[in-house]
Amino acid sequence: MAEAAETQGTGPSPARRWLRRTITVAFGAPLLAGLLQAPAATSPAVAAEEATGSKTVDVSLDTLAPSAPVEGDTVTVTGTVTNRGKKTITDATVDLRVGPRMTSRSEIEQVTGRTGFRSDSDPAPLEDAPTVEIARLGAGLSAEFSLSVPVSALELDEAGVYQLGVSLTGKTSDKLYDRVLGIERTFMPYQPEPTEKKTQLTYLWPLISSSHVSAETGTDDQQTPVFEDDTLAAELKPGGRLDQLVSLGKDLPVTWVVDPDLLASVDAMANGYRVKDGTLHVPGRNQAVAERWLNTLEKAVQGRKVVALPFADPDLASLAHRGKDVPGSLGHLQSATALAAGTVETVLHVQPSTDFAWPADGAVDRSIVAVATSAGADKVIARSDSVRDDLPYTPTAARPFGDGSTTAVVSDALLSTAFEGDMVRAENSTLAVQEFLAQSLAITLEQPEKQRSIVIAPQRVPGVAQAQTMATALHGLSARRWSQPVDLLVAAAAKPDPDASTAVPGSSRYPKKLRDQELPVQAFRDMKTTRDELDDFKVILTAPDRVVTPFGNAINREMSTSWRGQARAAAIYRGDVLDYLQNLTEGVQLVDKSDLVLSGRSATIPVTVQNQLLQDVHLVLRLTSGNKNRLQLNGDGIAELPVKVNGGHSQSVKFEASANVNGQVPMTAQLYTEDGTPYGQPMTFNVKVSEITATVMLVIAGGVLLLVLAGVRMYSQRKRVAARKAEAAAAETDTEPGETEATAGTEATAPQPEADGHEPEQPSDPTPDTGPESGDPSGTGEKVDR
């Protein structure tokens, strides 16, 4: 009835409402008190305060030794604590915390991502372990610490990976109670006894640099190479990046992965080089540095596996995504691959493997794999964040790819990227090494009864600190308690895991960040332009290798992976190569002519070809009459003559011309290669035909005849006078008269041909082959030779 009354809007009586309120207060007060007290430990505000407080102090772990301890060792951790807060810290203690054994690689990743202290997951400090007391630590100040503890005191139950934390507990003036103000975590791989099945581990050691050599060479017989700058020397000097990679790598069980262009560049330096300095080329000064580095490297790789990338390390992804549709682009990859083995053998005297392709960051898709294998490589080095295996363990790296004709060697992403970033800071280096060792042990313990093969492909161009950290990590594996080193060829031949992914990722899976760094389509168009001009140029040369080799190498360098993220610098390099090639091609040209005057029905028209190169050239010169009815060349409107011009000379070529009608005729001269391809720009000039009439010719002929008759009469008279004088002299001296006559006849003898049978040149004939001369047009009103 009460419910009916409430439904009808009548409400309970005042006495009943008072009773209900009293009961609610009586029973609700304890519950409300409990609810008000509970947030003191778990409310978001308190949790945020705890998280903020645990980041007040920055704990830096600078060293941890040994990195992979065994029974009987003493673990020493050194570092620095820095007060990042605004309050002074008092009564602080630095202590060690060892967590439970981790059972998977994902647990290691989770711990790596944590920052502040978490009471629900971070272990308590070790009992009976040494600590460091810090009575007072002012705001912004730092203090160093060193903690040493026997392995027996670390409470390690069995082999595995353990979390090791270093924390600072203390008080601040606004909170006078102990709390964790800072913590840093790392990992301790603990494997005191060798595992039954050790993981086969392959580590790639890359010797790759950016492009340094231009397309220009010296004019000497050795064609001294010209470098864009001398920055490569800084990498080769003691302590430099490449010096450190060789010094460290020679003592490590690694597979050397080299760019043949780097070897060729250093070899060129060792044999003498020049460096661009504005518009000048100055001698390089680091020949000895290059020679020392090459000698050290040659000794380091003897008896080791060496993998040669295609010359200049071409960007396979850029070629696949932007360049393959530009004609001729795939041909650059093929030439770069063909050049690789010979370069390595020549410089290092070892036989390299050229079967591997390595796209940037190991990211692949179908088009990249197709391009990578188009030049002969049948193995592609990919990475596990591109080729993903949905498995609870890490499978063997090698597996068939796509249709099975290609082998994918899938490097481990976590291990391959472990040493990227700033490794100059001791803390970053130490943490990277410990995580690397922990991950490698975790891989082995995933399936301890099964041996697997893991490949690690680090960053292409590691810095000095990164290389040193990589070496430290590999030394940490030197005891070979859970891994053993093998080279890349062995890893590629390992038996594949049947459950590993063999599907080639689609293009949509390719990372946008990497795609944005690729060479643009225009880059490949520029390469095609350079290649086409080079092909047209080389056919006219008598020593084409002097041009083809440096420019071919330069085109390969234009496609290098080292240009990623450097679009402007790459465009400048391509432009410089093309400009230099065009300057060379323009060194062979026609010398401009001014208008000519042709008097008479026939004459020769000279055209001069200038060669400013250092080698001889051979072409075909074609002269075309704009009006063959008025002026013909060899009886037609077009005439062609072969021409060979010595280096540094000019050659005059003469065309026979015949005129039919007076007037002006436009003429066009054009050079061609011997296969009929136009070379250079055409040259035009005009010929003015001014024919002499028949009447004038008769008058001239009559005048000539009169002159001849007069000459004959004068000669006869002089001869008679000379004869009379000779008779008189003979009478006086008893000399035979014929003797004097013979002598006189010798003076009148006509000029004889030269010994080669040719008529002597007339003063009006231009020199056929001359030295260097001006390319300026001939003078106005030039008359042609008749």
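Preceding this section is the structure that the text describes.
For clarity, every value in this text was computed on a predicted model and none was experimentally measured.

### Some words on the side chain of E427
Working step 1: Secondary-structure assignment places E427 in helix α14 (residues 426-446).
Working step 2: E427 gets classed as buried once you look at its relative accessible area, which sits at 5%.
Working step 3: Dropping the residues within four chain positions of it, E427 is found in contact with V59, S60, L61, D62 and E184.

### Regarding a negative patch on the surface
Working step 1: A contiguous patch of negative charge on the surface is contributed by E127, D128, E155, D157 and E158.
Working step 2: Tracing the backbone shows D157 in the loop between β5 (142-150) and β6 (160-172).
Working step 3: Under the relative-accessibility criterion, D157 is labelled exposed at 72%.

### Observations concerning the sheet that holds β6
Working step 1: Read from one edge of the open sheet, 4 strands run β4-β3-β6-β7, paired in antiparallel fashion. Each end of this open sheet is capped by a strand with a single partner; those strands are β4 (132-137) and β7 (175-190). Adjacent strand axes in the sheet meet at a mean angle of 25 degrees when their direction is disregarded.
Working step 2: Bridge count for strand β3 (residues 89-102) against β6 is 10 bridges, and the pairing is antiparallel. When the sheet's bridge partners are listed, I89 is paired in β6 with T172.
Working step 3: Sheet strands in contact with α14 are β3, β6 and β7, and its direction is about 55 degrees off that of β7.

### Points about the nonpolar core
Working step 1: With 75 residues, the main nonpolar core has F537, I605, L621, L623, L631, M667 and L671 as its most contacted residues.
Working step 2: Counting residues in hydrophobic clusters, the runner-up holds 66 residues, among them W205, Y273, A438 and I443.

### Digging into the sheet that holds strand β15 (residues 356-357)
Working step 1: The 4 strands lie next to each other as β15-β16-β18-β17, forming an open sheet whose pairing is mixed. Looking at which strands have only one partner, the edges of the open sheet turn out to be β15 and β17 (398-401).

The rules behind the values
Per chain, residue numbering runs from 1 following the sequence as it is written. Reporting of local features is limited, given that this is a predicted model, to residues whose pLDDT is at least 70; pairs of side-chain atoms are given and counted only at 80 or more, and all residues count toward the totals for whole chains, interfaces and linings. With hydrogens and water stripped out, all remaining heavy atoms of the structure feed into the side-chain values. The helix count covers DSSP runs of H or I at least four residues long, the strand count covers runs of E at least two residues long, and both are numbered beginning at the N terminus. Type-normalised accessible area, obtained with a 1.4 Å probe on protein chains alone, sets the label of each residue: buried when under 20%, exposed when over 50%, and partly exposed for intermediate values. Residues count as neighbours in contact if any of their non-hydrogen atoms are within 4.5 Å of one another. Patch rule: a residue counts if its relative accessible area is over 30% and it has no salt bridge; like charges are joined within 9 Å, and nonpolar side chains (Val, Leu, Ile, Met, Phe, Trp, Tyr) within 5 Å. Note on areas: Shrake-Rupley with a 1.4 Å probe; residue coverage comes only from the protein chains shown. For this analysis, a salt bridge means a side-chain nitrogen from Lys or Arg found within 4 Å of a carboxyl oxygen belonging to Asp or Glu. Within this scheme the basic residues Lys and Arg register as positive and the acidic residues Asp and Glu register as negative, but His and the chain ends are omitted. For this purpose, a charge sits on NZ of Lys, CZ of Arg, CG of Asp or CD of Glu. Criterion used throughout: strands pair if DSSP finds at least two bridges between them. Axis definition: a line fitted to C-alpha atoms, limited for helices to the stretch in contact. Angles are taken between N-to-C directions and run from 0 to 180 degrees. Think of a nonpolar core as a cluster: buried Ala, Val, Leu, Ile, Met, Phe, Trp, Tyr and Cys residues, connected wherever their side-chain atoms sit within 4.5 Å.

These values are about where atoms sit, not about what they do.
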